[in-house]
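# Residue-level structural notes
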Amino acid sequence: GITSEITYFDRSIGVTGLRTHFFPEVTLPLELGPILVEPSVGFDYTFYNLQDVTPGEEDSPSRSVPLYSVDLRTVLERVWGNGGKWLQTIEPRAQYVHIPFEDQSELPVFDTIEPDFNLVQLFRRKRYVGLDRLSDTDQLNLGITTRMISSDDGSQFLTATIGETQYFSSRDVVLPGEPPNEDSSSDYIAELGMN
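Below: a short report on this structure. In this text, all values refer to a predicted model and were calculated from it rather than measured experimentally. (Residues numbered from 1 in each chain as written. Predicted model: local features only at pLDDT ≥ 70, side-chain atom pairs only at ≥ 80, totals over all residues. Heavy atoms only, no water.)

## Section: the side chain of arginine 133
- Considering the arrangement of structural elements, one finds arginine 133 in the loop between α1 (119-122) and β8 (137-150).
- Among the polar contacts listed, one links the side chain of arginine 133 to the backbone oxygen of leucine 107, at a separation of 3.1 Å.
- Of the polar contacts made by the side chain of arginine 133, one reaches the backbone oxygen of valine 174; its length is 3.3 Å.
- Not counting the four nearest positions on each side in its chain, arginine 133 is found in contact with Arg63, Gln104, Ser105, Leu107, Pro108, Val109, Thr112, Tyr128, Val173, Val174, Leu175 and Pro176. (Helix = DSSP H or I, 4+ residues; strand = E, 2+ residues; numbered from the N terminus. Polar contact = N/O pair within 3.5 Å; in protein donor to acceptor, adjacent residues only side chain to side chain. Contact = heavy atoms within 4.5 Å.)

## As for the environment of valine 70
- Along the chain, valine 70 turns up in strand β5 (residues 62-74).
- Placed 35 residues apart in sequence, valine 70 and serine 105 show a C-alpha to C-alpha distance of 28 Å.
- Beyond its immediate sequence surroundings of up to four residues, valine 70 is in contact with Val37, Glu38, Pro39, Ala94, Gln95 and Tyr96.

## As for the pattern of salt bridges
- Going through the model one piece at a time under the given rule, you end up with 11 salt bridges.
- Measuring nitrogen to oxygen at the nearest pair gives 2.9 Å for the salt bridge that ties aspartate 132 to arginine 19. Taken together, the residues aspartate 132 in the loop between α1 and β8 and arginine 19 in strand β2 (residues 16-27) connect sequence positions 113 residues apart. A single burial state applies to aspartate 132 and to arginine 19, both of which are buried.
- Among the charged side chains, a salt-bridge network with shared partners connects Glu5, Arg19, Asp111 and Asp132. (Salt bridge = Lys/Arg side-chain N within 4 Å of Asp/Glu carboxyl O. Buried < 20%, exposed > 50% of the residue type's maximum accessible area, 1.4 Å probe, protein only.)

## Observations regarding the pairing of β5
- As paired strands, strand β4 (residues 35-51) and β5 are joined by 13 bridges and run antiparallel to one another. Residue pairing for β5: serine 40 is matched across the bridge by serine 69.
- The pairing of β5 with strand β7 (residues 86-99) spans 6 bridges and is antiparallel. Looking at β7, one finds that serine 69 is bridged to valine 97. (Pairing = 2+ DSSP bridges.)

## Observations concerning the side chain of aspartate 132
- Assessed through its relative accessible area of 0%, aspartate 132 is described here as buried.
- A polar contact is formed between the side chain of aspartate 132 and the side chain of tyrosine 48, at a distance of 2.6 Å.
- Within the local environment of aspartate 132, its side chain forms a polar contact with the backbone nitrogen of phenylalanine 110, the two atoms lying 2.7 Å apart.
- Aside from chain neighbours lying at most four places away, what touches aspartate 132 is Arg19, Tyr48, Arg63, Gln104, Leu107, Pro108, Val109, Phe110, Asp111 and Thr112.

Pasting the structure below:
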């Protein structure tokens, strides 16, 4: 598949201009018995055509970075309770992501932020929301979810998830004013829901 976006940014203060982004990606889902393995290789290309740049700065910078990931997951289930009243699932997931470093300090920041770490962010491959920065990383995202489902009508009574990210190298690509991140792991993230 391929995703692309062309956006023109106009503002009264600062650099303005056109950002063109292409992300072709090849993913091959494989079912190995009860385990789903999903390797993926992508190539992130972003090109700018800028106006109002400071004299001496590049008015057409670009970024070309490959992105590699492998996602493994499975669903284990058992029936329990009086007369098989409940179906309980255990859903472990592991995702490895590697994005090499490329200096992006010459690129403008139009609409990119780092979101708060939450359950949605746990299995995102990219650290930032927006296209102006693609953070380098070498990380393993780990999580496990359990669900209690009624055998009678299929309604979900309870869901619980816990997860964490392990980092094997520092993240040196940053937004302006941020220091490089050298933490070896994220905080734990957990969620509990009941109906």
